[in-house]
Amino acid sequence: MRTALKSLAVAAGLILLATSPAVAAPDTKPPSIPGNLRATQVTQTGVTLTWSPSTDNVRVVSYSVWAPGLDTVVLVNHPTTSTTINGLHPGTTYAFRVYASDGIRVSGPSSILNVTTQPDVVAPSAPSGLALANNVHGFPVDGVTASKVLLTWTNSTDDFGPIKYQVLVNGAPSPNVFDTRPAGSPVTTVSKAWVRQLEPGTTYNLSVRAVDSGGNVSAASAPVTVTTDAANDTVAPTTPTLTQAGGLGTSVCPEELLVNYTAATDDVTPATAVEYEIRINGTISDVFKGLSGRIIIYTEIFGPNTVTIVAVDAAGNASAPSNAITDNIQWGISYCG
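These remarks concern the structure in this document. (Residues numbered from 1 in each chain as written. Predicted model: local features only at pLDDT ≥ 70, side-chain atom pairs only at ≥ 80, totals over all residues. Heavy atoms only, no water.)

Here we take up the sheet that holds strand β22 (residues 293-299). In spatial order, the strands read β18-β19-β22; together these three strands make up an open sheet with antiparallel pairing. For this open sheet the edge positions go to β18 (241-247) and β22, each flanked by a neighbour on one side alone. Within this sheet the neighbouring strands show an average axis-to-axis angle of 25°, counted without direction. In this sheet, strand β19 (residues 255-262) lies alongside β18 in antiparallel orientation, the contact comprising six bridges. The partner of A245 across the bridge, within β19, is V259. (Pairing = 2+ DSSP bridges. Helix = DSSP H or I, 4+ residues; strand = E, 2+ residues; numbered from the N terminus. Axes fitted to C-alpha atoms, helices over the stretch in contact; angles between N-to-C directions.)

Written out as structure tokens, the structure reads:
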């Protein structure tokens, strides 16, 4: 009897074992790399991409399309093998690549496809309403000194942007212009900027023009004429020394730059009144007066930021640029523009 029961139990176990569902083996193989990535349509702000489908030992679930400079990764569900990406900048090259996923593992990237969007060929409108100004952020200032003039104007419009402005001094773009808008702050309908390092007791014809990201240049604004105050000082300050210039690692736009420098001296202007132009890639990023040591400035520039400092006295005499220090800024979280 015991033998019979034992035989029955063994048989029942065999039956249960035979009818139990099979356990699937883990998927350890990624899909094949998508091939033949190509652009089928390119406009000023968009591109349509297509590629050959991937294969997998189980299934292909989706594709991911990405290029440096895109805000997000574009997801495409299999079996679709094309997508249109909009919101691109005109005249810009994007290095696209596509990946395949089976829901567990991701293929390697496809070969990179460089696509350049159609260029922007329309110039901005001319700035308007150019005038002398006497306040910055609501605080009154002397808008005309022996070496500086404060200008304000109504901004241009453009089909794409972003727009930068050139102040023309007697018809030529000046490298000594300081935009009073703090880096990273919104661009409003009005701009205000200092024109610096002018000669004392001199009459100037000043105008402004706009330049968009495609290099298209607007017509110049109507000019204003101004005469700077008189001064007799003709000797420039000594050259300051830049000892530190580097990002603080916030990885957002605008990025903080810590700058450290030693002060200049001047034969007439007191040390507390000497101004320091902190320049990034040759353009004035900020201006400080009578300071020496560690300060923080901000930058909207992605990539190499080469920092120099120029000391300027009250008569507009400028020192030679300091030594240069370059830091490579890479946004990690958000982008400017």
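That was the structure; now back to the text.
Within the structure shown, the criterion is met by four aromatic pairs. Look at W51 and Y63: their rings are 5.5 Å apart centre to centre, the planes differ by 65°, and that puts the pair in the edge-to-face class. One end of the pair, W51, is in strand β2 (residues 47-52); the other, Y63, is in strand β3 (residues 62-66), and twelve residues separate them in sequence. In terms of burial, W51 and Y63 fall into one category: buried. Plain terms: the ring middles of Y261 and Y276 are 5.0 Å apart, the flat faces sit at 45° to each other, and that makes the pair tilted. (Phe/Tyr/Trp six-rings, centres within 6.5 Å; stacked < 30°, edge-to-face > 60°. Buried < 20%, exposed > 50% of the residue type's maximum accessible area, 1.4 Å probe, protein only.)

Turning our attention to unusual backbone geometry. Excluding glycine, residues mostly carry a negative phi; peptide bonds, for their part, are mostly trans. Here H78 and P79 are connected by a cis peptide whose omega angle stands at 15°. Checked against the element boundaries, P79 lands in the loop between β4 (74-77) and β5 (82-85). Residue H137 is not a glycine yet carries a positive backbone phi of 55°. Note that H137 resides in the loop between β9 (135-136) and β10 (139-140).

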